[in-house]
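Structural overview
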Amino acid sequence: MVKKMPKTDVVIVGVGWGGGIIASELTKQGLSVVGLEKGLERSTEDYYMVHDELRYALRYELFQDLSKSTLTFRSNEKKRALPMRHYGSFLMGEGVGGAGVHWNGQTYRFLPYDFEIRSQTVERYGEKKIPKGMTIQDWGITYNELEPYYDKFEKMAGISGEENPLGGKRSDKYPTGPMKHSPQMKMFTEATKKLGYHPYTVPSANLSEPYTNPDGISRAACQYCSFCERFGCEYGAKADPVVTVIPVANKTGKFDLRTHSWVRRILHKDGKATGVLYTDLTTGEEIEQPADVVVITSYVFNNTKLLLTSKIGRPYDPATGTGVIGKNYAYQVVKGAATGFYDDMEFNNFAGAGALGVVIDDFNGDNFDHSDLNFIHGGYLALTQTGARPIQNNPVPKGTPSWGAEFKDKSLKYANRSLSVGAMGASMPFRHHYLDLDPTYKDTFGDPLLRMTFDFEDQDRELAKFTAKKARGILEEMGADHVDAMEELGPYDITVYQSTHNTGGVIMGDNPDTSAVNNYSQMWDMDNLFVVGASSFPHNSGYNPTGTVGALAYRAAEGIMTYSKKGGQLV
Amino acid sequence: MTKDNENKTSEEERISRRRFIKSSGVAVGGLAVGGVIGGLIPWRTEDNKQQRQAANETKNYNQALMFFSQAEFKTVEAATERIFPKDHNGPGAKDLGVPFYIDHQLAGSYGFNSRDYMEPPFFHGEKEQGYQGRLKRREIFRVGLRELQNYSHQKYKKEFSELSTEEQDDILKDFESDKVKLSTISASGFFNMLRGVTLEGLYSDPLYGGNIDMDGWRMRDYPGDQMNYLDVIEEGFKKIEPRSLRDHM
Ligand SMILES: Cc1cc2nc3c(=O)[nH]c(=O)nc-3n(C[C@H](O)[C@H](O)[C@H](O)COP(=O)(O)OP(=O)(O)OC[C@H]3O[C@@H](n4cnc5c(N)ncnc54)[C@H](O)[C@@H]3O)c2cc1C
Ligand code: SF4
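Rules of the game
- Residues numbered from 1 in each chain as written.
- Chains lettered and ligands numbered in written order.
- Predicted model: local features only at pLDDT ≥ 70, side-chain atom pairs only at ≥ 80, totals over all residues.
- Heavy atoms only, no water.
- Helix = DSSP H or I, 4+ residues; strand = E, 2+ residues; numbered from the N terminus.
- Buried < 20%, exposed > 50% of the residue type's maximum accessible area, 1.4 Å probe, protein only.
- Contact = heavy atoms within 4.5 Å.
- Lys, Arg positive; Asp, Glu negative; His and termini not counted.
- Charge placed at Lys NZ, Arg CZ, Asp CG, Glu CD.
- Pairing = 2+ DSSP bridges.
- Salt bridge = Lys/Arg side-chain N within 4 Å of Asp/Glu carboxyl O.
- Phe/Tyr/Trp six-rings, centres within 6.5 Å; stacked < 30°, edge-to-face > 60°.
- Expected span 1.5 Å × (residues − 1).
- Axes fitted to C-alpha atoms, helices over the stretch in contact; angles between N-to-C directions.
- Parallel < 35°, antiparallel > 145°, perpendicular 65-115°, else oblique.
- Left-handed = near helix turned anticlockwise from the far one by under 90°.
- Nonpolar A, V, L, I, M, F, W, Y, C, P; charged D, E, K, R; others polar.
- Buried area = accessible area lost by both parts, 1.4 Å probe.
- Polar contact = N/O pair within 3.5 Å; in protein donor to acceptor, adjacent residues only side chain to side chain.
- Near = heavy atom within 4 Å.
- Areas by Shrake-Rupley, 256 points an atom, 1.4 Å probe, with all protein chains shown as cover.

- Chain B is annotated in an unreviewed UniProt entry as Dehydrogenase from Oceanobacillus caeni.

1. Notes on the overall build of chain A
- Broken down by element type, chain A carries 11 helices and 23 strands.
- Reported as C-alpha extents along the three principal axes, the dimensions of chain A are approximately 70 × 55 × 50 Å.
- Looking at chain A as a whole, 65% of its 571 residues are labelled buried.
- Residue pairs at least 24 apart in sequence account for 75% of intrachain contacts in chain A once pairs closer than 6 positions are excluded.
- Separation of charge centres in chain A, based on 61 positive and 69 negative side chains, amounts to 3 Å.

2. Regarding the pairing of strand 18 (residues 434–442) of chain A
Residues and elements named next belong to chain A.
- Note that strand 18 and strand 19 (residues 448–453) share 5 bridges and pair antiparallel. Paired with Lys442 across the two strands is Pro448, which belongs to strand 19.
- What sits between strand 18 and strand 19 in their antiparallel hairpin is a turn of 5 residues, with Gly446 showing a positive phi close to 85°.

3. Quick word on the pattern of salt bridges
Residue and element names in this part refer to chain A.
- In total, this model carries 48 salt bridges over all chains according to the counting rule given.
- Measuring nitrogen to oxygen at the nearest pair gives 3.8 Å for the salt bridge that ties Lys4 to Glu288. In this pair, Lys4 sits in strand 1 (residues 3–4) while Glu288 sits in strand 12 (residues 286–296), placing the two residues 284 residues apart along the sequence.
- The exposed category is assigned to Lys4, whose relative accessible area is 57%.
- Lys194 serves as the salt-bridge partner of Glu477, at 4.0 Å between the closest nitrogen and oxygen. Placement of the pair is Glu477 in helix 10 (residues 458–477) and Lys194 in helix 6 (residues 183–194), with a sequence separation of 283 residues.
- Given the relative accessible area of 35%, Glu477 is considered partly exposed.
- Using a relative accessible area of 69% as the deciding quantity, one classes Lys194 as exposed.

4. Some details on the packing of aromatic side chains
Residues and elements named next belong to chain A.
- In this structure the tally under the stated criterion is 50 aromatic pairs over all chains.
- With a centroid separation of 5.3 Å and an interplanar angle of 75°, the aromatic rings of Phe110 and Phe537 are classed as edge-to-face. Pair noted here: Phe110 is in the loop between strand 5 (82–83) and helix 3 (112–115) and Phe537 is in the loop between strand 23 (526–531) and helix 11 (546–566), with a separation of 427 residues, a long-range link. One exposure class covers both Phe110 and Phe537, and it is buried.
- Residues Trp139 and Phe537 carry aromatic rings whose centres are separated by 5.2 Å and whose planes lie at 35° to one another, so their mutual orientation is tilted. In this pair, Trp139 sits in the loop between helix 4 (117–125) and helix 5 (143–157) while Phe537 sits in the loop between strand 23 and helix 11, placing the two residues 398 residues apart along the sequence. The pair Trp139 / Phe537 is uniform in exposure class, with both members buried.

5. Concerning the environment of A:Pro439
All names here are of chain A.
- In this fold, Pro439 is placed in strand 18.
- Since its relative accessible area comes to 59%, Pro439 is described here as exposed.
- A sequence separation of 12 residues divides Pro439 from Arg451, and the C-alpha atoms of the two residues are 8.6 Å apart.

6. As for helix 8 (residues 187–203) of chain B
- The end-to-end C-alpha distance of helix 8 of chain B is 25 Å, a good match for the 24 Å that 17 residues give at a rise of 1.5 Å each.
- The buried count for helix 8 of chain B comes to 14 of 17 residues, which makes it a mostly enclosed element.

7. Regarding the packing of helix 4 (residues 70–83) of chain B against helix 5 (residues 98–107) of chain B
All names here are of chain B.
- Between helix 4 and helix 5, the least distance of the axes is 9 Å, while the angle of their chain directions is 125°. Between helix 4 and helix 5, the crossing angle belongs to the class labelled oblique. Between helix 4 and helix 5 the crossing geometry is right-handed. Facing helix 4, whose interface residues are Phe73, Val76, Glu77 and Thr80, helix 5 presents Val98, Pro99, Phe100 and Ile102.
- Residue composition of the contact of helix 4 with helix 5, grouped by class: 6 nonpolar, 1 polar and 1 charged.

8. Looking at the sheet that holds strand 6 (residues 200–201) of chain A
- The antiparallel open sheet is built from 6 strands, whose spatial order is 6-15-16-17-14-20 (chain A). Two strands in the sheet have a free side with no partner beyond their single neighbour: strand 6 and strand 20 (482–485) of chain A.

9. Re the interface of chain B and chain A
- Listed as interface residues are 71 residues of chain B and, on the opposing side, 72 residues of chain A.
- In total, chain B and chain A occlude about 5900 Å² of area from one another, counting both sides; carbon and sulfur atoms represent 56% of this.
- Here chain B is connected to chain A by 5 salt bridges.
- Between A:Asp493 and B:Lys127 there is a salt bridge, and its shortest N-O distance comes to 3.7 Å.
- For the pair chain B and chain A, the interface holds 42 residue pairs in polar contact (both at pLDDT 80 or more).
- Only helix 4, helix 5, helix 7 (165–176), helix 8 and helix 9 (215–219) of chain B provide two or more residues apiece to the side of chain B that touches chain A.
- Broken down by element, the side of chain B that touches chain A gets its largest block of residues, 5 residues, from helix 8 of chain B.
- For the side of chain B that touches chain A, the class distribution of residues is 32 nonpolar, 18 polar and 21 charged.

10. Points about the site of ligand 1
Residue and element names in this part refer to chain A.
- Around ligand 1 lies a shell of 34 residues, among which Gly18, Glu37, Ala99, Gln106 and Thr546 are the nearest.
- In this structure, an oxygen atom belonging to ligand 1 sits 2.9 Å away from a main-chain N or O atom of Ala99.
- Note that a nitrogen atom of ligand 1 is positioned 3.1 Å from one of the backbone N or O atoms of Asn104.
- Bound to the protein, ligand 1 loses 98% of the 1000 Å² it would expose on its own.
- Among the elements of the structure, helix 1 (17–28), strand 10 (261–269) and helix 8 (299–309) are those that each provide at least two residues to the shell around ligand 1.
- In terms of residue class, the shell around ligand 1 is built from 11 nonpolar, 19 polar and 4 charged.

11. Let's talk about the packing of helix 4 of chain B against helix 7 of chain B
Residues and elements named next belong to chain B.
- In the contact formed by helix 4 and helix 7, the axes pass within 10 Å of each other and the chain directions differ by 85°. In terms of orientation, helix 4 lies roughly perpendicular with respect to helix 7. For the pair helix 4 and helix 7, contact is made by Ala78, Ala79 and Arg82 and by Thr165, Gln168, Asp169 and Leu172, respectively.
- Of the residues in the contact of helix 4 with helix 7, the class split is 3 nonpolar, 2 polar and 2 charged.

12. Re helix 5 of chain B
- The buried fraction of helix 5 of chain B amounts to 9 of the 10 residues, a majority that puts the element mostly inside the structure.
- Where helix 5 of chain B is buried, its residues touch helix 2 (53–58) of chain A together with helix 4, helix 6 (137–156) and helix 8 of chain B.

13. A few points about the side chain of A:Lys305
Residue and element names in this part refer to chain A.
- In this fold, Lys305 is placed in helix 8.
- Exposure remark for Lys305: the relative accessible area of 8% places this residue in the buried category.
- Setting aside residues no more than four positions away along its own chain, Lys305 makes contact with Ser69, Leu437, Asp443, Asp447, Pro448, Leu449 and Leu450.

14. Quick look at the sheet that holds strand 18 of chain A
- The strand order 5-4-19-18 (chain A) describes an open sheet built from 4 strands, whose pairing is mixed. What marks the edges here is a single partner per strand, and that holds for strand 5 and strand 18 of chain A.

15. What about the site of ligand 2?
- Residues in contact with ligand 2 amount to 13 residues; listed here are only the nearest, A:Cys222, A:Gln223, A:Cys225, A:Cys228 and A:Cys233.
- Considering only residue class, the shell around ligand 2 consists of 8 nonpolar, 4 polar and 1 charged.

16. A short note on the side chain of A:His377
Residues and elements named next belong to chain A.
- Looking at the secondary structure, you find His377 in the loop between strand 15 (352–360) and strand 16 (379–386).
- Looking at His377, the relative accessible area reads 0%, which means it is buried.
- In terms of polar contacts, His377 uses its side chain to reach the backbone amide nitrogen of Gly365, at 3.3 Å.
- The residues contacting His377, other than those within four sequence positions of it, are Tyr113, Asp114, Ile117, Asn364, Gly365, Phe368, His370, Ala426, Met428, His539, Ser541 and Gly542.

Structure (structure tokens):
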């Protein structure tokens, strides 16, 4: 028998960045909110023993337990999709704070070009610049319209940075100054300036100085402890929902956060969401939580899966290109990078912070002329210093065996004598890249796993080669004795970590025929259902996604407040 | 003097202890040092720190087997030492405790794939789809080690651990390149797993049984678990004495 809880104003599915922001904004304004999170409670005290590479980075301490749920993957529709049985390409967050607990904190804004990508590309290069099958579309919002929400997210998180000389216009400067510069960051800065580029410090959610945000939350400065990406911050210096928005929501007394609560269905009747059905993982009990408004913030994959299993919205059909749920899955092209080896210089590669680095946008978006190039968009190029931990970082020059005496000698030698320039290549959507329900494999409750159909295209191969070449040029300018750069991108491989920057599936736009949500993340087909996260990106830009996820979450919160007073479609 | 020299001395001590064991004729099975035998060995030096270290070594109850048989353990010792051999830089996998590390890992949740999706059906997939077998890591290891022995006998008529280092490398290369064809597991898949856990054993916190005395970290000037790098982040390279999680207790 399903237990029925008293009705609440709003129920939120998944309490990471998206869920945390919306919970704090709504409760501050007086709404009662229930937050359902399938993982456990987290606090800063959990991280006393966090400087443990094996436990956190290789055994995935903080990530979703794949034995209960994963997804399946195939490179194209002719193949049989098979489950991602262990982690590789990306890592899903779980527990209060979601992936916001163990992210790096590199916090960017997308470019004005991104939001109007289709019209601007056509305007500058003509319709034929867009290859067949590439399904880019404008986002239904402009950079200028989203700017105030970026500003809100950055002030809440205390982002440390300096203005991007090639970015969109800012209404205010970053709330805290840029991070410190290490010797290799200085080398990158000098080299890129010499090459005529425009370096700036990576905008960072690892605080450069102590900071008190507009909600009155104070946090300490980053200690450059080097255990950041894949780890929780024991100092509370890294902006994480657990040390920023969630305490604010808790303080209102209006937030009922329930952990170990796995949401399985969005309940709906006559075109309106009525609540959610979830399982209490500690008792196995099935519980119904009725609500006036339902908000789904359970990351790209689960956002898409919940809509499909709950039969909400029109599932995407790649054969006809119609329908929207599952459409425009995109990722990130990060392999177009290079590593430089130094014979006579040593660096403190072991030290660092999740978002420590210097970056250029000269080859991002449409900041450069694509007339003679076989791809659109681009990506940033950066030197980051996130702490080269020894199990996972053993760079050796190409041609060195991967084990044995020579490997040992070279890997020890270059541990502190190598530097990399990475690329964050944008990822364009294609008609045949999508998410749907797997016909064979099930999760722990017998619900279908989500199925991903995705591969790299010529667009990605060309882009990766281009960024690899630029990365090589920068390292040569930085005086490396030997540089190895990516030569061929190869097929998309789910076994190799690239980034947890998955996007699409529940995309936004200005037209219900080609998008699932409007620019408040409100479902076109269901007024009281909001689906928030990178699932709403129609493509992925040449940046890490979370600054934009945060901005869209603040905008969604505003939309939910308006809806709760007036009802109806917000645009 | 520098840490490096200290290491070298203790390294020499270990070698001379091993020689002593050999010449004293004590039966030690697959284990060269440690346990009761280790406690019998006299020390040349009066250095306090080294005596402390020696005392710790004799009391290292952690160095016993949870998963491997003695024979399997011997193969693992030999194979991991080829992946990361002792050389002028310092100790190899064996002296850093890597074989014990692997044994302990396979005995626990890692060996049982407890947080991996292991549901049927099982189909052969593309390389890009990742591991699709039904065997758990501990089972793969068992099969892999047996096949390593079979192949050694087939090719050289000897146990893997009794082959010359060149012959051992030869065998491992044949696994790495899938020249060995196995029916139940992928030879290269097993080799890559072996290489992966060897690196883990070299460089994980000593709490897990490898990286003994943090000497894996020391060889590459990795400072382990430091509370902060505020003082060095803006500076040129600095050698820092490593710390482990034990120092947090
Ligand atoms: C190692 C790593 C480094 C990263 N570094 C960066 C970076 O430097 N910069 C950047 O911009 N981005 C980075 N990211 C990405 C960033 O973490 C995500 O973009 C961000 O956390 C997404 O927020 P979200 O709220 O959409 O989802 P999440 O933070 O993933 O939260 C979703 C929550 O929903 C819960 N949930 C899922 N399904 C259910 C269900 N059925 N019922 C109940 N709850 C459910 C999950 O347990 C989870 O807690 C990184 C990610 C990783 C893994
Ligand atoms: S690097 Fe800075 S922000 Fe990251 S975990 Fe360490 S102290 Fe926290």
